[in-house]
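Topology and contacts: notes
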Amino acid sequence: MASGKSTFGKELAKDKGLPFLDLDESVESREGRSISEIFAKEGEEYFRKREREILHEICNEADEFVLATGGGTPCFFDNMDYMNQAGTTVFLNTSPLVIVDRLKRQRADRPLLAMYSDDELEFFVREHLESRLSFYLKAKEQV
């Protein structure tokens, strides 16, 4: 979250002359509802299964592309191994303080974060990064 996946991905896609895709947007489009709605009605398990299915569909539909995934995507099922086999993966190793600063400015767009104070937000970010880091470090590249 707020590591710069979409911004970096769009720039990389433009530089390489490739299409840019966003996995979260693809899930929302194929489901016809927002990720927040999917979580609220179906729960995380359903979302993660659909996310995985759509990840596989995207990789099977197109030859070359740049894909921004959600921050949790690499952490479920065999997604990280699958993405490494399908292409080149990149971990945007963004400082927790940079992420917190970005999230503070994006609170209006991220209602789930509105309930956190600044200190709580920093704790939340650091805790999430720590729990996911072992998956992120499996990426082929780090920037």
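Since the model is a prediction, treat every value here as computed from it, not as a measurement. Residue numbers run consecutively from 1 along every chain, following the written order of its sequence. Predicted model: local features are reported for residues with pLDDT of at least 70 only, side-chain atom pairs are reported and counted for 80 or more only, and whole-chain, interface and lining totals are derived from all residues. Water and hydrogen atoms were dropped before computing side-chain values, which therefore reflect all heavy atoms in the structure.

It is worth spelling out helix 1 (residues 5-16) at this point. Counted at 1.5 Å a residue, the expected span for helix 1 with its 12 residues is 16 Å, and the 16 Å between its end C-alpha atoms agrees. Secondary structure follows DSSP: runs of H or I at least 4 residues long count as helices, runs of E at least 2 residues long count as strands, and numbering of each begins at the N terminus. Of the residues flanking the end of helix 1, it is G17, one or two places downstream, whose phi is positive at about 70°. Given a helix with a known number of residues, its expected span is that number minus one, times 1.5 Å.

Let's shift gears to a nonpolar patch on the surface. Distance thresholds for patches are 9 Å for like charges and 5 Å for nonpolar side chains (Val, Leu, Ile, Met, Phe, Trp, Tyr), applied to residues having over 30% relative accessible area and no salt bridge. Here, Shrake-Rupley sampling with a 1.4 Å probe gives the accessible areas, and only protein chains in the shown set may cover a residue. Here a salt bridge means any side-chain nitrogen of Lys or Arg lying within 4 Å of a carboxyl oxygen belonging to Asp or Glu. Together, F8, V90 and V143 make up a nonpolar patch on the protein surface, roughly 230 Å² of accessible area in all. In this fold, V143 is placed in the segment after strand 4 (141-142).

UniProt positions are given in the numbering used here, feature names are shortened, and annotations may be inferred rather than shown by experiment. Under the feature "binding site: substrate" (unreviewed entry), the UniProt entry names D24, R48, G71 and R132. Relative to the helices and strands, D24 resides in helix 2 (residues 23-31). Pairs of residues are marked as contacts when any of their non-hydrogen atoms sit within 4.5 Å. Among residues more than four places away in sequence, those in contact with D24 are I35, F47, E51 and G70. Relative to the assigned elements, R48 resides in helix 4 (residues 44-61). If we ignore the near neighbours within four places in the chain, the residues touching R48 are F39, G72, T73, F76, F77 and R132.

Exposure is judged per residue with a 1.4 Å probe applied to protein chains only, and the accessible area is read against the type maximum: over 50% gives exposed, under 20% gives buried, and values in between give partly exposed. All of the buried residues along helix 5 (residues 79-86) are N79, M80, Y82, M83 and N84. Next to the buried residues of helix 5 lie helix 4 and helix 7 (118-136).

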